[in-house]
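# Structure assessment
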Amino acid sequence: MTRGGKRIGKEQQLAELLNELHTSDRWLDNHRLRKLAAYGTNLIPELENILTRSLESARTTVTAPGAGGSYAVLHALFLLAHLRSEKSLSVILKFLSQKPDFLDCYLHDSLLDEIWEVVFHLGVNQISELEKFILNRQNNTLSRLAVCTALVQLALHYPRRKGRVEQVFQKLLRLKKDDSDFVGLVISELLDLKSAALRPLLLAALEKNKVWSGIISAEDVSRSYKNQRTRKLTPTDLLERY
């Protein structure tokens, strides 16, 4: 086979794999995932296009994305994380900044359970961008929480970044007013850091934002700091996830 024939063959195979990625209403098998991931950086623009096209639908009334639509977005996010495509963080954060009904349409429970891992892998060298995202109170609350989880885990996995992450959360906790439930959930996440520098700010934020004690209380904070245990989460490998 000629070089041109090989190139056409690879392009045709990629087109077929992408078509399946778009139309599948379930998880892909590991064999197909390996084939897709093998395209490396050549795959990244195709994955970003999936997110971009979904963002275009946000300009109109959100409707169900159709067979395989929401799965295609999840496939794209997890593959971009697997490929460590840090340049894709901007389009991912734009995606996460959309309204709740849009995000629920595409991400469902994954927004709370898994999306932090995507941000963790791609934001490790872009903490300032993550800072801008969580300080913007116009962004989706659950998306902000997912980014906060990623930041906490970055501090635990990369100790040299802990000081920078603490600076981010100092700014967040000092905001004049924020959603009380969001603040309570962020404080719960921050207990994993056991940061002495953040402790007084946690307690002040609880009072200032009138956080419901059913989410977290000052007593909960004190108990957590006494046991000194941290909760270091391990992101799931792409093939294990599927």
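Right, let's walk through the structure included here. Computed from a predicted structure; not experimentally measured.

A few words now on unusual backbone geometry. Even without glycine at this site, R84 takes up a positive phi of about 55°. Relative to the elements of secondary structure, R84 occurs in the loop between α4 (69–82) and α5 (89–96). Within the chain, K194 stands out as a residue other than glycine whose phi angle is a positive 55°.

Further remarks concern the packing of aromatic side chains. In the structure shown here, the tally under the stated rule is five aromatic pairs. Summarising the aromatic geometry, the rings of W116 and F120 are spaced 5.9 Å apart at their centres and angled 75° between planes, so their arrangement reads as edge-to-face. In this pair, W116 and F120 both sit in helix α8 (residues 115–122), four residues apart, roughly one turn of the helix. Taking the relative accessible area as the measure of exposure, W116 reaches 6% and is therefore buried. Through pairs of rings, three or more aromatic residues link up here, namely F95, F102 and Y106. Taking NZ or CZ as reference, R161 lies 5.5 Å from the ring centre of Y158, over its face. Directly above the aromatic system of F78 lies the positively charged group of R241, at a separation of 4.1 Å from the ring centroid.

Each value, and the rule that gives it
Residues numbered from 1 in each chain as written. Predicted model: local features only at pLDDT ≥ 70, side-chain atom pairs only at ≥ 80, totals over all residues. Heavy atoms only, no water. Helix = DSSP H or I, 4+ residues; strand = E, 2+ residues; numbered from the N terminus. Phe/Tyr/Trp six-rings, centres within 6.5 Å; stacked < 30°, edge-to-face > 60°. Buried < 20%, exposed > 50% of the residue type's maximum accessible area, 1.4 Å probe, protein only. Lys NZ or Arg CZ within 6 Å of the ring centre and 35° of its normal.

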